[in-house]
Every structure is written in C-alpha cells, then in structure tokens.
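Per-entry structural report
Here's the letter readout for the chains.
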Amino acid sequence: MKPVSIGLKLAFWYSLVFAAGLVLFSIVAWFGMKASLYHALDDELRERVEGVQKFMNFQIPALSLAELRHEFREHSVLGPGGDLFQVCDSSGKWLYRSAPLEKNNIAIERPSELSSPRFETRTIAGQPLRFYSQRIAVNGQTYTVQAASPMHELFEAIDRFGLGLLFAIPLLLGTAAIGGFVLSRRALDPVDQIARAAQRISIENLGERLKITETGDQLQKLSETLNQMFARLEASIASIKRFTADASHELRAPVTLIRATAEVAVQNRNRAAPEYLAALDEVLAEAERTSQLVDSLMLLARADAENHNLERTLVDLVSVCRVASDQGEKLASQHGVKFSSHLASEPISIYADGEAIRRTVLALIDNAVKYTPPGGCVDLALTGHDGYATIVVADTGMGIAQQDMVNVFERFWRADKARTRSQGGAGLGLSIVKWIVDLHGGTISVQSAVGVGSSFHVELPIAGPDATKLASL
C-alpha cells in the first residue's frame, strides 16, 4: 500500500479542523440569529403594549366604553402589528378584544394574576403566535394588555438561514480542502527539493552541500543542519580513510618483515643454529611490536565506538605515578636518558581506572624518552591544587615545531618522520593518552620548542570534598 504523503495528511487535518470550526461557527450563528429575531420580535411587542398604554392614558378619561372600543379598533388597524391585542380590567371585563383573538377565545390573565410581564408562544388555528402580556396602571386602575404577533416570517427567516448554511458548509469545506492541499504542496516543495539534493549526495561526493535559502524559517534551519551533518560525515569518512590507510601502512611493514625473515630462514636450510635463533628473535620482536600496534588499534576502535570498558574506583594517584615512574626509569636507562621524578608527599585520591592512568603516564614517559637523545633528561612531576591533580612530563628532546602542535594528538602522527619504527613507534600513544584523559574528565596540553624540549601537562579532577588534603611540592 502506497503511503499517504505529508501534503495529503496536512490537507486532511486542515480540512478536519476547518470543518469543525465551520460547523461550530454555523451552530453559533444559527442560534445567534434565532435569538436576535426573537429579541427583535419581543421588542416590537413591548413597543405595541407601550403604545396601547399611552393611548389609554390619553383617551380613557374623555371617552365612554363604546367610544373607547371604537378608538381601540381604529388604533389597532392603524398601529403596527395589526389587529392582534386585547385589554381587560381588574374585574376581568373586556375593554377591547381583537376579532381573531376573540374568535379563538384566547384567555388573558387579570392584572392581579399577572405578577410580571411574560412572553409565550402559542399555536392558534395552526398559526404560531408570539404573545406578550403586561400589567399597566391608568388613572389609578390596573389593566392587562396582551399583544400578539405572527411568527411565520421569523421561522421562514430562520429556515432560510439554516438552508444557506447547509449549502455553504460543503462549498466552503471543499474550497478549503483544495486550497489547503495546494498550499501544503507549495509549502512542502522546498522539502522535496532538499530531499532530492540530499539523495544526490553520497560517499563519493560528500563535499557537495545543500543550497541555503535565506528565509529565516525552519526550512533554512533544516538545510543548515543537514549541511552540518554532511560536514561531520565528510570529516568522519576522511578520518576513517586516513586511519585505515595509516593502519594498513603500519601493519604492512612488520608483516612483510616477518614473512621475509621466515622465508629466508626456510630457504637456507644449511644455516647454523645461531642464525636460525637470530631470525626467530627478529620475528618475535616484530610480532611483539605488531601485537602492541593491534592492541592500540583495538583500543582506539573501542574509543570510536564509545565502548569504554573502564573500571573506575578511588585510587591514589601518587602510587599509580610511582609505579609508572619505576617503569619509565628502566625505559630511560635503556636509551641512555636521565630520568627523575618529583611526586607529591601525601596521597592524592582520584576516581579513575588506575591501570588506564598508569598506562597514560607511562605512555607520556615513553614518548619523551623516544624523542630525547642520549644524555638528555626526562622528568615526571605530580602536584595537587585547587581540586585538580597535575601531572607534568618534561624532556630535553628534539621538541615540536609550532605548526605541528595541532597534530600532536592525531593518530599515526610523528614529530620526526625520519625516525625508524623501533624508535618512533606507530604514532598512536598520544592519541590513546588524550582519549583516556578525556574519559576521566581531565585535560591535556603541550608546550614545546624545537631543540629545547617538550612538556606535557595532564590535569585530573580530585575525588570529592572528603579527599585527602594535599601537600604540593
């Protein structure tokens, strides 16, 4: 089944809401008009009764009953509403009765029985009439005046208005539905253009972007958001391609060396045992480096997948740095580099994965040793202040050029491209260090000068207000 388009859905809901509003408006309008017509008719009846009262105030003192009835008849013919009213006094005696009302014997209440003016609707001889009864006082006597008016014109007006609404509602609803559909199509046309443009962009042309129309509405925001997404995708794909190429390059060399060494050893079967052992040692060394590289790549892959697998506990950073210092001192002695450490005299508690932090510190020491020539110095320092523990690894090595500072923590990047693999590593150590530091809510920075050395600063938050009070060196 073909899915319903957004344009049709919008047109449907627009028509539904419009129909509900139109029906509600029609009901209110119908009742409003009916009430208005009734109100106008009632006002007319009141005016007629007032006219009768004024007539009686003027005529009763000067006329006999017969003359009064004659004047009433003349008044009813000339007055508005025609000959439809009747008057009785307090004893129930009729002063005047219109012929239609007398013929149908329409009852009237005495003044003493009529406490307040009253409207009522009756059907007389098949014709609906609206009656208004009111007690009046003339020359100290009370009378009841009752006026009536036919309602057929009122009902006809109400019926015509209702019929007009019945014809107008479908017409307006159909017009609104068509107009809503056309407007929704026009409003969604830019969305279709964005969709078609987005479909044209693939991994081969991620550099393309959607056209931005400066409308200031949600469509502009959507286009800008999609362009930002494409930019992130382009950067991610470029990073993946670069990472894959660098990883392939780094893995190709040891695998080729292991294979070549093994082939030479197998082909030359007359070699002495020490030569075979030397070949095996070389294969083992390359295998160990490859294993370390694979471990680093797996760690970074978990980092990209946000699969951290860190076991955080409350650890003493001084003890962690002391273990890393002992290991770093051995590395430095193997390269003829002087090593020193200056650690805080009191414990510094942090909430962290102790093994990951040890690896971080050792990686910084190892990096400093690799880029420091024999006779140089590497120093490890740990202090604590203002709620943060600061680890500083400084060396007197080759240093980093100012333009290369932004690349220090990039994967597979080396400060000296000419160094051998055995000396310079794969260029993943500092990337892993930054990832671990970021996971622990810390920061890492570097200060360096070519020919002078480098200094890496790591800041980690100290655990809680109950952490041991620090003593800085």
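Residues numbered from 1 in each chain as written. Predicted model: local features only at pLDDT ≥ 70, side-chain atom pairs only at ≥ 80, totals over all residues. Heavy atoms only, no water.

Let's talk about helix α10 (residues 429-439)
Across the eleven residues that make up α10, a large majority, eight, are buried. Every buried residue of α10 is accounted for by Leu430, Ser431, Ile432, Val433, Trp435, Ile436, Val437 and Leu439. At the exit of α10 stands Gly441, carrying a positive phi of roughly 75°. (Buried < 20%, exposed > 50% of the residue type's maximum accessible area, 1.4 Å probe, protein only. Helix = DSSP H or I, 4+ residues; strand = E, 2+ residues; numbered from the N terminus.)

Thoughts on the packing of aromatic side chains
This structure, assessed with the given rule, holds five aromatic pairs. The ring of Trp94 carries the charged tip of Arg97 above its face, separated from the ring centre by 3.9 Å. Here Arg122 stacks its cationic end above the ring of Phe131, 4.7 Å away from the centre of that ring. (Phe/Tyr/Trp six-rings, centres within 6.5 Å; stacked < 30°, edge-to-face > 60°. Lys NZ or Arg CZ within 6 Å of the ring centre and 35° of its normal.)

Examining the pairing of strand β5 (residues 141-150)
For β5, a buried count of seven out of ten residues is recorded, marking the element as mostly surrounded by other parts of the structure. Here strand β1 (residues 85-89) runs beside β5; their pairing, made up of five bridges, is antiparallel. The residue bridging Gln86 from the neighbouring strand is Gln146, located in β5. Where strand β4 (residues 127-138) and β5 come together, ten bridges link them in antiparallel fashion. Counterpart to Val138 in the pairing with β5 is Gln141. (Pairing = 2+ DSSP bridges.)

Concerning unusual backbone geometry
Residue Asn105 is not a glycine yet carries a positive backbone phi of 50°. With respect to the secondary-structure elements, Asn105 resides in the loop between α3 (99-103) and β3 (118-124). The class for Asn105 is exposed, based on a relative accessible area of 58%. In this structure, Asp386 takes a positive phi of about 55° despite not being glycine.

Considerations on the sheet that holds β4
The antiparallel open sheet is built from five strands, whose spatial order is β2-β1-β5-β4-β3. Each edge of the sheet is formed by a strand with only one pairing partner; in this case those strands are β2 (94-97) and β3. Strand-to-strand twist of the sheet, defined as the mean angle between neighbouring strand axes without regard to direction, takes the value 20°. As judged from the seven bridges shared by β3 and β4, these two strands associate in the antiparallel manner. Considered in β4, the bridge of Ile124 is made with Gln127. (Axes fitted to C-alpha atoms, helices over the stretch in contact; angles between N-to-C directions.)

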